[in-house]
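# Close look at the chain arrangement
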Amino acid sequence: MFTLEDRITARLRASDYRDWRAKVAAIGGCAQPVRLTGAWQVQHATTGALLDWHGGDVMAPCGNRRESVCPACSDRYAADAYHLMHAGLSGGSKGVPSSVTTKPRLFATVTAPSFGAVHNQPLTRTGKRRPCACGDYHHDADPRLGSPIDADAYDYVGSVLWQANAGKLWHRLTIALRRALAHAAGLTVREFRLHARVSFAKVAEYQRRGLVHFHAVLRVDGPDGANDPAPAWATAELVEHAFTTAARSVQVDQARPDGSVMTLSWGTQVDVRRIRPADAHQVEQDGEISESRLAAYVAKYATKGTGKSEAADRPIRDQLDIDHLKVSAHHRRIIQTAWDLGDLDQYVDLKLRRWAHMLAFRGHFLSKSPTYSTSFKAIRGERRAHRTAELLDQLGHEPTSVLLVHDWTYTGSGHHTDAERELALAIAEGTREQRRRKYDKEVTA
């Protein structure tokens, strides 16, 4: 019987290996590429005359943002997320003026409430570690961290319903924040909209216990967005107080399976830090944080996905999927609870079965308001336009005088063998190192 090493060696010696490797390298070593067959051609924009034609089998990157699914596409997503976040923080690029650095800007974190005691690593006021409520000291890799001390007493139903409503809680928080700012400025909500706008970008991160918390960058603009100066009354202190007040006030009522109503809210831990000017490059002890470090921090969490939660990377299709998941007992029970609740008519709008693999969280991991900065679509469009211009330049054509026509047919997804996947991951690792060096330079620039 051939081992994986034998199959890799055989693939390396195959006559078509160089051609296959070139295709995989062109997409950065994607772990589960989309396979296409067809052709592209260059036509004269006016006459329609055929100038160039290339056809055959090609691969396109999968575009998955999760590192556990595809390291190559995850890195690309992280780079895009960094540029999106950094543009809204520092300006001077992506259509965002550098004047945004003079506006009130905050980095805020809101967390989930408690649904039962879990194993953790508590600290004293002096920063020394003290024993968990279970009596043990947990090391960082202890698999018990985040799991309930008493699973039977843990409110799994409540945690799943909170997670499914986390997006609604955030939406209500943004509304409450605008109202709090309007009240502090002595304005009605309608008047506030004529004077200011709250722009934000947020990212969701899973905690060890399987519940998300949100990190958000907040910025106060004028009524027309980033290009408009913030009103004089919008100070960092005022925005900080308004956000804290809003976070502690918003609630969502949700019925339990027995008909009783539970009130969902944010946890008691609300952290707010002011963002310093662009020439700072480290988190200080005074509670402020720099732009470059913050953009890198948020981009990292945008790509983590469910890595910390040990949830599934793909949707659950049936009970057998749950039974065969390689997850902890705690996360399996969260998924099972979401799956079971999803079978009840009263939760049809929450689509719990569809999002059971995400531990019932059904929001976007990175989202932003329209006025915060550029978009993923715009960033990817710029990259496509740049590569198209490079291609046409190599072929000797003027971009303004030709049309690029594509005709592709889908033939499958993923690599044909495990040997090909392992080789692709090796190619991706080399590409990742190059990207990481470039990314680190941008972070510290």
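Residues numbered from 1 in each chain as written. Predicted model: local features only at pLDDT ≥ 70, side-chain atom pairs only at ≥ 80, totals over all residues. Heavy atoms only, no water.

## Description of the pattern of salt bridges
A side chain with one charge may pair with a side chain of the opposite charge, provided their charged atoms come close. Test applied: We define a salt bridge as a side-chain nitrogen of Lys or Arg found within 4 Å of a carboxyl oxygen belonging to Asp or Glu.
In the structure shown here, the tally under the stated rule is 18 salt bridges. The salt bridge involving R273 is made with D271; its shortest N-O contact spans 3.6 Å. Put simply, R11, D16 and E420 are held in one network by salt bridges that share partners.

## Things to note about the sheet that holds strand 5 (residues 212–221)
This is how it is decided: The criterion for strand pairing is that DSSP finds at least two bridges linking the strands in question. Numbering of helices and strands runs from the N terminus, with a helix taken as a DSSP run of H or I at least four residues long and a strand as a DSSP run of E at least two residues long. Here, axes are lines fitted to C-alpha atoms. For helices the fit covers the stretch in contact, and angles between N-to-C directions go from 0 to 180 degrees. Working rule for contacts: check all heavy atoms of both residues, and any pair within 4.5 Å makes them a contact.
Strand order in the open sheet formed by 5 strands is 8-3-5-4-9, and the pairing between neighbours is antiparallel. Pairing within the sheet leaves two strands with one partner each, and these edge strands are strand 8 (270–274) and strand 9 (366–368). Between one strand axis and the next, the sheet turns by 15° as a mean value, whatever way the strands run. Of the pairings in the sheet, the one linking strand 4 (residues 197–206) to strand 9 comprises 3 bridges and is antiparallel in character. Its bridge partner being in strand 9, A201 is matched across the sheet by K368. Against the sheet, helix 3 (residues 71–90) touches strand 3 (105–110), strand 4, strand 5 and strand 9, its axis set at about 30° to strand 9. Packing against the sheet, helix 7 (residues 236–247) makes contact with strand 3, strand 5 and strand 8, and its axis sits at approximately 165° to strand 8.

## Comments concerning the layout of surface pockets
In plain terms, the rule: In this analysis the probe radius is 1.4 Å and the grid spacing 1 Å, with only protein atoms considered; a cavity is a set of points the probe fits into but cannot get out of, a pocket is an open set with protein on both sides within 12 Å along at least five of seven lines, and lining residues have an atom within 4 Å of a point. Grid points are joined across faces, edges and corners, and a volume is the space filled by probe spheres set on the points.
Taken as a whole, the largest pocket holds about 1200 Å³ of empty space. Along its surface, the largest pocket is lined by 27 residues, and A26, I27, M59, P61 and R387 are the ones closest to its centre. Looking at the lining of the largest pocket, the elements with two or more residues in it are helix 2 (17–26), strand 1 (34–44), strand 2 (50–60), helix 3, helix 11 (376–395) and strand 10 (402–413). For the lining of the largest pocket, the element with the highest residue contribution is helix 11, accounting for 8 residues.

## Details of the nonpolar core
Operational definition: Residue types Ala, Val, Leu, Ile, Met, Phe, Trp, Tyr and Cys, when buried and joined through side-chain atoms within 4.5 Å, form a set referred to as a nonpolar core. Summary of the burial criterion: residues with accessible area below 20% of their type's maximum are buried, those above 50% are exposed, and those between are partly exposed, where the area comes from a 1.4 Å probe applied to protein chains only.
Counting residues in each nonpolar core, the largest one holds 66 residues, and the members touching the most others are V110, W162, L173, F214, F243 and W266. Per-element accounting of this core gives the leading share, 9 residues, to helix 5 (residues 166–184). Dropping the residues within four chain positions of it, W162 is found in contact with T111, A112, P113, F115, L169, L211, V212, L264, S265 and W266. By size, the runner-up hydrophobic cluster in this structure holds 17 residues, among which are A81, A201, L366 and F376.

## Some points on the pairing of strand 6 (residues 252–255)
Where burial is concerned, the two faces of strand 6 differ: the one with V252 and Q254 is buried and the one with D253 and A255 is not. Where strand 6 meets strand 7 (residues 261–264), 4 bridges bridge the pair, whose relative direction is antiparallel. Bridging from a neighbouring strand, V252 pairs with L264 of strand 7. Between the end of strand 6 and the start of strand 7, which pair antiparallel, lie 5 residues, with G259 showing a positive phi angle near 95°.

## Describing the packing of helix 4 (residues 156–164) against helix 10 (residues 329–341)
The relative placement of two packed helices is expressed as an angle between their axes plus a distance between the axes. Heads up, the rule is: Convention used here: angles under 35 degrees read as roughly parallel, angles over 145 as roughly antiparallel, angles from 65 to 115 as roughly perpendicular, and any remaining angle as oblique. When residues are grouped by polarity, Ala, Val, Leu, Ile, Met, Phe, Trp, Tyr, Cys and Pro land in nonpolar, Asp, Glu, Lys and Arg in charged, and all others, Gly among them, in polar.
It is the contact of helix 4 with helix 10, at a shortest axis distance of 9 Å, that shows an interaxial angle of 70°. As summarised for this structure, helix 4 and helix 10 are arranged roughly perpendicular, according to the angle between their axes. Note on element contacts: helix 10 touches helix 4 through H330, R333, I334, T337, A338 and L341, opposite Y156, V157, V160 and L161. Of the residues contributing to the contact of helix 4 with helix 10, the split by class is 7 nonpolar, 2 polar and 1 charged.

## Quick word on the side chain of H330
Within the secondary structure layout, H330 lies in helix 10. Every residue in contact with H330, bar those within four places of it in the chain, is listed here: G146, S147, P148, Y154, Y156 and R209.

## So, the sheet that holds strand 2
One open sheet accounts for 3 strands, arranged 2-1-10; its pairing is antiparallel. Every interior strand has two partners, whereas the edge strands, strand 2 and strand 10, have only one. Across the sheet, the axes of successive neighbouring strands diverge by a mean angle of 10°, strand direction being ignored. Relative to strand 10, strand 1 is paired through 11 bridges, and the arrangement is antiparallel. Note that in strand 10 the partner of H44 across the bridge is V402. In the packing of helix 11 onto the sheet, contacts are made with strand 1, strand 2 and strand 10, and the angle to strand 1 comes to roughly 55°.

## Observations regarding helix 7
Selection rule: Here the expected length of a helix is defined as 1.5 Å per residue gap, with one fewer gap than residues.
With 12 residues, helix 7 should cover 16 Å at 1.5 Å per step; its first-to-last C-alpha distance of 16 Å lies within 8% of that length. Where helix 7 is concerned, the buried positions are A236, L238, V239, A242, F243, T244, A246 and A247. Packing partners of the buried residues in helix 7 comprise strand 3, helix 5, strand 5 and strand 8.

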